[in-house]
Amino acid sequence: MSSFRARKSGIHTLNSSISSPSILKKCGQQSLNNVPGRKVCFDLFNNLKLLLINYDSSNKDDQIEYNNLICDIRDLATEINDNELIKLLKDARNCVNILNENLTLFVKVILILKWMNRSDDVVKEYQLFLLNVCTAYSYHTQFAIEQLVACFSHVDSTVYDRVNGMPSQEEERGFKNVHVTLEALLKVIPLAKDLLISALKKKFPYKTNISYSHLHYIHNLLYISEYEPSLRKNILCLIINKLVEIDVHIPKDALDRLESNINNEIEDIFPMDVDDGGCMKVCPNKIEEENFSDTLDICLKRLFNYMKTTCHSSDGILLWDNTKSLYHDLLSIFESEILPTYNSSHIQYVIYYFLSFKTTLAENFSNWLLKKCCDVSSSSTLRQAAAGYLASFLCRAPFITNNMLKNTLFEMSVWCNKYINSVDKSVKVVDEELLRWHSVFYSMCQALFYIISFRHQDLMDNKRNLRFMENLNLSNIVTCRLSPLRLCCSKVVDRFALITKTYQLTYCYVVMDGHIRVTDQSIKDEWLYSYFPFDPYVLPRSKNMIIPDLYRDIDSIKSSKGGDMYIDKIPSSLPDNMDISPSMVLSPSPAKTDWLGQFAYGNNTHTLF
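Residues numbered from 1 in each chain as written. Predicted model: local features only at pLDDT ≥ 70, side-chain atom pairs only at ≥ 80, totals over all residues. Heavy atoms only, no water.

Looking at an unreviewed UniProt entry, one finds the protein named RNA polymerase I-specific transcription initiation factor RRN3, with Acyrthosiphon pisum as its source organism. Of the comments in the UniProt record for the protein, the one headed Sequence similarities (unreviewed entry) reads "Belongs to the RRN3 family." (UniProt positions renumbered as here; feature names shortened; annotations may be inferred.)

In structure tokens form, the structure reads like this:
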């Protein structure tokens, strides 16, 4: 005999459907059970099973008794001790053979019990009940999975000594219990994987939730991918999709503040208050944009660590098969989630960090972007975006070799010159119509100008490289009737003109001065994708995984070649990031292309046309 003490009311007012989950939710002091002092005392084996067997939903007395039972279990969920909870779970398990759809509400009230951090015996009994009821009646599986997944965002508010926001030891113990249960459920019901993906999407914390809730949820999703690798791509896609939503909601001025405070302590960047007990708590006045920055920061760090541990052994050796498999997933996700995104600030560093693991990966990614730029079956916006990514990646990534840089520049110049030869004679007037019809060409030219401007010290440091630059036929590009100098971003063009004049590669000022340039920025914003995504990384908690070892900053690449006569003549500052217009329509990209197998064996040939 188990003894429970609960508040009880006489008759419950319910919706017409007794399986409505609203009865499972407490209503504060005005809950459904509001008569104090009533002692609930019944034999959980005999009375429970008898009640459930004889339950008739059309009988008013049975309905009241059944609903009272549901409310008793609901209200005692946190007060019941482990021994009584074990007894309840055992008795519920003995009733599994009668827990059909008519008793769904009873199943749900058992499944919502707080169990993950209870004793091992409670955990075992809960797991047995969940597995038994789901295997006996598959229609309970969806709710069971949703309850398991809902545990993943749990944050213990009493824990103040977290390391990088990660779960405490006790929280990890509870999460582990949930994963053991979920893994066992997926083994006995393999088709539940689709239900799991649906539940993961449904229970993902809303973007305004506290950052620790997002981190814990993502931490657990990544753990699922370890015992269910077939779900990894879907899980990573979901995570990145949600982080993209957060990323694009961070205003530029918030990032500027982070950059200006980059030398301060993290606690100064994300303000915290100390209560009277000396405990740290989030400042109630912490604005939403800082919460977004904090969430993106700690979640990206968790993703970086996941990629590092997945692709490397414990002694730091790269596991190529694991790396190649993860690359395919990340490239597909980059194409569907990141490439079409307008003006993201940091989510693109997921692929950037991963590519630093091996030069082959960086080479393949660059060639993939170049092929995307030249793919006439893709939308013009995606092709322009690929050109911006290509330029920014080649300029910022220090793991890009000079040979790879030169090969890409050569292919870009070949494409531009071929394009000019095919359409230049048809050009009559230089106006915004040209920008509309030839936007991909102008984006490619802009990318070419940007790369040469940024990497000029590597591209023109000796006579051999200067001869290479002369062979790019830049003069044909800058003097063609399409007039890229007049239509590309003025900041990029001005710097390119200065550098090419200094190195005597071509003389742009005759073209620039001899014609009126199209300077209406609204026209350029509408038709020219002027976005270079790998701007300096400013999120403070994860920054040390990118800066300075994996990032080429203009201040860090001032050449040590003191004898170079040209270096001092060229200003070191580069153009700021130039945003694209939000009015641009982004369309999905075409089918994925698998290249990596070629590069794994040293075959780095590719076709542009």
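**Student:** Mind showing me how you'd approach the packing of helix α17 (residues 380–396) against helix α20 (residues 439–454) here?
**Tutor:** Packed helices, taken two at a time, are described by the angle their axes make and the gap between the axes. For the pair α17 and α20, the least separation of the axes is 9 Å and the interaxial angle reads 5 degrees. The orientation of α17 with respect to α20, classified from their angle, is roughly parallel. On α20, the residues touching Ser380, Arg383, Gln384, Ala387, Ala391, Ser392, Leu394, Cys395 and Arg396 of α17 are Ser439, Val440, Ser443, Met444, Ala447, Tyr450, Ile451 and Phe454. When the residues that make up the contact of α17 with α20 are grouped by side-chain class, the tally is 10 nonpolar, five polar and two charged. (Axes fitted to C-alpha atoms, helices over the stretch in contact; angles between N-to-C directions. Helix = DSSP H or I, 4+ residues; strand = E, 2+ residues; numbered from the N terminus. Parallel < 35°, antiparallel > 145°, perpendicular 65-115°, else oblique. Contact = heavy atoms within 4.5 Å. Nonpolar A, V, L, I, M, F, W, Y, C, P; charged D, E, K, R; others polar.)

**Student:** How do you make sense of the nonpolar core when you look at a structure like this?
**Tutor:** As a rule of thumb, soluble globular proteins bury nonpolar side chains together. If you look at the biggest cluster of nonpolar residues, it comprises 186 residues, and the most contacted ones within it are Leu99 and Phe106. Ranked by residues supplied to this core, first place goes to α20 with 12 residues. Other than its neighbours up to four places away in sequence, Phe106 contacts Leu48, Leu52, Tyr66, Leu69, Ile70, Ile73, Ala92 and Leu99. (Core = buried A, V, L, I, M, F, W, Y, C linked by side-chain atoms within 4.5 Å. Buried < 20%, exposed > 50% of the residue type's maximum accessible area, 1.4 Å probe, protein only.)

**Student:** Explanation requested: the state of the cysteines in the structure shown.
**Tutor:** Each disulfide is one covalent bond, formed between the sulfur atoms of two cysteines. Per the counting criterion, the structure on display carries zero disulfides. Here Cys480 is not disulfide-linked; the sulfur of Cys445 is the nearest cysteine sulfur, at 6.6 Å. Judged by its relative accessible area of 5%, Cys480 falls in the buried class. (Disulfide = S-S within 2.5 Å.)

**Student:** Can you help me understand the packing of aromatic side chains in this one?
**Tutor:** For any pair of aromatic rings, the description rests on two quantities: the centre-to-centre distance and the angle between the ring planes. Tallied over the full model, the rule gives 32 aromatic pairs. Relative to Phe534, the ring of Tyr349 has its centre 5.3 Å away and its plane inclined at 75 degrees; by these criteria the two rings are edge-to-face. Here the residue Tyr349 occupies a position in helix α15 (residues 349–355), and Phe534 occupies one in the loop between α27 (521–527) and α28 (596–600), the gap between them amounting to 185 residues. Both residues of the pair, Tyr349 and Phe534, count as buried. The ring centre of Phe143 lies 5.0 Å from the NZ or CZ of Lys108, which sits over that ring. Over the ring of Tyr212 we find Arg162; its NZ or CZ atom is 5.4 Å from the centre of that ring. (Phe/Tyr/Trp six-rings, centres within 6.5 Å; stacked < 30°, edge-to-face > 60°. Lys NZ or Arg CZ within 6 Å of the ring centre and 35° of its normal.)

**Student:** Looking at this model, I keep getting lost on the confidence of the model for the protein. Mind explaining?
**Tutor:** Segments scoring low in pLDDT should not have their predicted coordinates read at a detailed level. Within the protein, residue pLDDT values average 81, and 77% of them lie at 70 or more. By mean pLDDT, the top-scoring element of the protein is α15 (98), and the lowest-scoring one is α28 (32). The low-confidence segment residues 556–609, where pLDDT is below 50, has 107 contacts with residues more than four positions distant or belonging to other chains. (pLDDT = per-residue confidence, 0-100.)

**Student:** Looking at this structure, how should I read the pattern of salt bridges?
**Tutor:** Going through the model one piece at a time under the given rule, you end up with 17 salt bridges. Measuring nitrogen to oxygen at the nearest pair gives 2.5 Å for the salt bridge that ties Glu171 to Arg162. Across the salt bridge formed by Arg552 and Asp458, the nearest N and O atoms sit 3.6 Å from each other. Within this pair, whereas Arg552 is found in the loop between α27 and α28, its partner Asp458 is found in helix α21 (residues 456–459), the two being separated by 94 residues in sequence. The class of Arg552 is buried, set by a relative accessible area of 11%. Several salt bridges share partner residues, and in doing so they unite Asp120, Glu170 and Arg173 into one network. (Salt bridge = Lys/Arg side-chain N within 4 Å of Asp/Glu carboxyl O.)

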